[in-house]
Amino acid sequence: LVSDWSSDVCSSDLVTVAGELVKLTRIEYALLDRLSVNPRAAVSRSDLMVAVWGDAEGDDHLVDVHMANLRRKVDLPGLPSCVVTVRGVGYRMAG
């Protein structure tokens, strides 16, 4: 199961999760937006770094930290995460 969420096209920092508005940081929103482009495809940490920060230089752990923050905000208690870690690759949307 995937968390019930949607994006507000008028605001680049609000998403709706199970009917409730959730405010995301610019980085969290950019990560979610990038993963949503092709939800079933895994996106590498370096590709996420380029999409969000503009380059792939830096520590991959930065992506992991922001992804954990995003999950805390958009995942519903008792349900699997809407973002799946693809070991050795990066992340993809669940489902």
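Preceding this section is the structure that the text describes.
Right, let's walk through the structure included here. Treat the numbers as computed from the prediction; the structure is a model and nothing was measured.

### Brief notes about the environment of Asp 55
Link 1 in the chain: By secondary structure assignment, the location of Asp 55 is in the loop between helix H2 (45-53) and helix H3 (61-74).
Link 2 in the chain: Judged by relative accessible area, Asp 55 falls into the partly exposed class, the value being 36%.
Link 3 in the chain: Filtering out sequence-adjacent residues up to four positions away, Asp 55 remains in contact with Met 49 and Val 50.
Link 4 in the chain: At 3.1 Å, the side chain of Asp 55 and the backbone nitrogen of Glu 57 are in polar contact.

### Describing the sheet that holds strand S6 (residues 90-93)
Link 1 in the chain: Read across the open sheet, the three strands follow the order S4-S6-S5; overall the sheet is antiparallel. Each of the sheet's edge strands pairs with one partner strand only, and the pair in question is strand S4 (43-44) and strand S5 (83-86).
Link 2 in the chain: Bridge analysis of S4 against S6 gives two bridges, and the strand direction is antiparallel. Its bridge partner lying in S6, Val 43 is registered against Tyr 91.
Link 3 in the chain: Each of S4, S5 and S6 is contacted by helix H1 (residues 26-37), which is oriented at about 70° to S6, the strand it contacts most.

Rules behind the numbers
Residues numbered from 1 in each chain as written. Predicted model: local features only at pLDDT ≥ 70, side-chain atom pairs only at ≥ 80, totals over all residues. Heavy atoms only, no water. Helix = DSSP H or I, 4+ residues; strand = E, 2+ residues; numbered from the N terminus. Buried < 20%, exposed > 50% of the residue type's maximum accessible area, 1.4 Å probe, protein only. Contact = heavy atoms within 4.5 Å. Polar contact = N/O pair within 3.5 Å; in protein donor to acceptor, adjacent residues only side chain to side chain. Pairing = 2+ DSSP bridges. Axes fitted to C-alpha atoms, helices over the stretch in contact; angles between N-to-C directions.

Function cannot be read off these values alone, since they describe shape.
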